[in-house]
Protein chains: 2
Amino acid sequence: MPSRAEIKYYSSLKLKKFRQKYGLFTVEGEKSVRELLEAGIDPEIIFSTEEHAFPGSAIVSESEMRQLSSLDHPPGILAVAQMPDYGPFTPPENGIVLVLDGIRDPGNLGTILRSALWFGFETVWLSSDCAEVTNPKCIQATMGAFTRVRWHSGELEPALRTAALPVFGCLLEGQPLGATSVRSPAFLLVGSESHGIRENLIPLVTHPVTIPRYGAGESLNAGVAAAIAMYHFASVGH
Amino acid sequence: MPSRAEIKYYSSLKLKKFRQKYGLFTVEGEKSVRELLEAGIDPEIIFSTEEHAFPGSAIVSESEMRQLSSLDHPPGILAVAQMPDYGPFTPPENGIVLVLDGIRDPGNLGTILRSALWFGFETVWLSSDCAEVTNPKCIQATMGAFTRVRWHSGELEPALRTAALPVFGCLLEGQPLGATSVRSPAFLLVGSESHGIRENLIPLVTHPVTIPRYGAGESLNAGVAAAIAMYHFASVGH
């Protein structure tokens, strides 16, 4: 049985500060933990309650699980794993890389990674101020996709400038998405909900594209916009 | 200044039980409250803090606002309005009606309404076990769309049966969405994340459609799937 000090140590991973300090993150729920194992990631430790006893796990009480869990309704199984490090970003030699500028909501970010996996976008590149992929709410929203999509984080402007590849940018004005043909290698750039693509990146967008508004409203959810753009590029490119 | 009893009364609207009992719901944030007013909906009362003083509102303290608000970070303006009643559902004479089967996450539901407004789907029809549109998290996620999309709630099976219109259903197996042509009037049926379209409704789907998977993963987020389907039908139909 884990000691009180261990429970305290691992429950600190609910906070970004400690995830970064220890280089560890948590994954909750049987499905996600199994994804982790199937992806060949060896957790440092797995906790489960008696009710959800998981092979090879340390059994904890319900109240200890509540302490460890970041979720309102702890699913009873929680793994702790080392943060993956996919190294620095390098521009693609083929294919389209999804680039996210300032997606701060971890749920939205997780949904985007899940869509990226579905549409075959294997690499996602995040501006430094995006939510962390290893935020528990993001991990949860990926539904396991976090083990199968590679992500890199960094400053977008210098790297986009150096890469000198086509940049398709989702904007409110641009070529209608449905009429846009694919070039590859290229970037697909999606901005944040509140501010869209940042001003310093707009001049780097070589192909402004837009999801036509057939009704009313001011904007789409960023996760929805990213998914529709990936849907289009995946259908046209395949 | 509102009395303690009034604060207590209106803060009860955070719970579904009391929203239904009093037929009232709350809308938070300047943008959403303005949408409400612009839509010609006359709130029963508007509360705001001194910092966010809103014309014609009752001024409350920060702590009273926290009591009234359903949000972790109360935006300081909160309106209370009567629940709209769009009456019973009647099958469309033209256009496509979005039908949602068991979308239980209020944030997802709100995002779907927001996408519906953007793509010109003016009517949304919800199974009785969907989240409530007037749940504060849903209202928030619609970004104002709740005033401009009409919604009806009820049992889907008998009504779909009676209507005898084409039913496009988003399933894991079906005609690829991109190859699907539109018929109107019709229904576009989207199921829940966890269970998809319920078994009793499957036989009523006349046109199974699927969003092709170009990569991997088990499914898409229901809000994402609904948005991509609406994007397709809106682009093909216009």
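Residues numbered from 1 in each chain as written. Chains lettered and ligands numbered in written order. Predicted model: local features only at pLDDT ≥ 70, side-chain atom pairs only at ≥ 80, totals over all residues. Heavy atoms only, no water.

Caption draft 1: Highlighting the packing of helix 8 (residues 222-237) of chain A against helix 8 (residues 222-237) of chain B. Between helix 8 of chain A and helix 8 of chain B, the shortest axis-to-axis distance is 9 Å and the interhelical angle comes to 55°. Taken together, the axes of helix 8 of chain A and helix 8 of chain B lie oblique to each other. Between helix 8 of chain A and helix 8 of chain B lies a crossing whose hand is right-handed. For the pair helix 8 of chain A and helix 8 of chain B, the contacting residues are A:Gly223, A:Val224, A:Ala227, A:Ile228 and A:Tyr231 in the first and B:Gly223, B:Val224, B:Ala227, B:Ile228 and B:Tyr231 in the second. The residue makeup of the contact of helix 8 of chain A with helix 8 of chain B, split by class, is 8 nonpolar, 2 polar and no charged. (Axes fitted to C-alpha atoms, helices over the stretch in contact; angles between N-to-C directions. Helix = DSSP H or I, 4+ residues; strand = E, 2+ residues; numbered from the N terminus. Parallel < 35°, antiparallel > 145°, perpendicular 65-115°, else oblique. Left-handed = near helix turned anticlockwise from the far one by under 90°. Contact = heavy atoms within 4.5 Å. Nonpolar A, V, L, I, M, F, W, Y, C, P; charged D, E, K, R; others polar.)

Caption draft 2: View of the sheet that holds strand 3 (residues 58-60) of chain A. Residue and element names in this part refer to chain A. The strand order across the open sheet formed by 4 strands is 1-4-2-3, and the pairing between neighbours is mixed. Bordering the open sheet on either side are strand 1 (24-28) and strand 3, each of which pairs with just one other strand. The mean inter-strand angle of the sheet, taken between neighbouring strand axes irrespective of direction, is 25°. Against the sheet, helix 3 (residues 30-38) makes contact with strand 1, strand 2 (45-49) and strand 4 (77-82), and its axis sits at roughly 30° relative to strand 4, the strand it touches most. (Pairing = 2+ DSSP bridges.)

Caption draft 3: Summary view of unusual backbone geometry. In this structure, the amide linkage connecting A:Ser184 to the following residue, A:Pro185, adopts the cis form with an omega of 0°. Positionally, A:Pro185 belongs in the loop between strand 8 (167-176) and strand 9 (186-191). Located in the positive-phi region is B:Met143, a residue other than glycine, with phi close to 50°. Overall, the relative accessible area of 39% leaves B:Met143 in the partly exposed class. Backbone geometry at B:Ala164 places phi at a positive 50°, although glycine is not the residue there. As for its position among the elements, B:Ala164 is in the loop between helix 7 (156-163) and strand 8 (167-176). Overall, the relative accessible area of 64% leaves B:Ala164 in the exposed class. (Buried < 20%, exposed > 50% of the residue type's maximum accessible area, 1.4 Å probe, protein only.)

Caption draft 4: Just the interface of chain A and chain B, in detail. In this assembly, 33 residues from chain A lie in contact with 33 residues from chain B. Of the roughly 3,000 Å² buried between chain A and chain B on both sides combined, carbon and sulfur atoms contribute 64%. On the chain A side of the contact with chain B, A:Trp118, A:Tyr214 and A:Tyr231 bury the most area, a combined 30% of that side's loss. Counting every contact that joins chain A to chain B gives 4 salt bridges. Between B:Glu193 and A:Arg114 there is a salt bridge, and its shortest N-O distance comes to 3.2 Å. If you look at where chain A meets chain B, you find 20 residue pairs in polar contact (both at pLDDT 80 or more). Split by residue class, the side of chain A that touches chain B holds 15 nonpolar, 11 polar and 7 charged. (Buried area = accessible area lost by both parts, 1.4 Å probe. Salt bridge = Lys/Arg side-chain N within 4 Å of Asp/Glu carboxyl O. Polar contact = N/O pair within 3.5 Å; in protein donor to acceptor, adjacent residues only side chain to side chain.)

Caption draft 5: Spotlight on the packing of aromatic side chains. Residue and element names in this part refer to chain A. Taken as a whole and judged by the stated rule, the model has 24 aromatic pairs over all chains. Each ring, one from Tyr86 and one from Trp151, has its centre 5.2 Å from the other, and the planes form 75°; the classification is edge-to-face. In this pair, Tyr86 is assigned in the loop between strand 4 and strand 5 (96-101) and Trp151 in strand 7 (residues 150-154), connecting sequence segments 65 residues apart. Of the residues examined, Trp151 reaches a relative accessible area of 12% and is grouped as buried. Measuring from centroid to centroid gives 3.9 Å for Phe89 and Trp125, while their planes differ by 5°, and the two rings are stacked. On the criterion of sequence distance, the pair formed by Phe89 in the loop between strand 4 and strand 5 and Trp125 in strand 6 (residues 123-127) is long-range, its members being 36 residues apart. (Phe/Tyr/Trp six-rings, centres within 6.5 Å; stacked < 30°, edge-to-face > 60°.)

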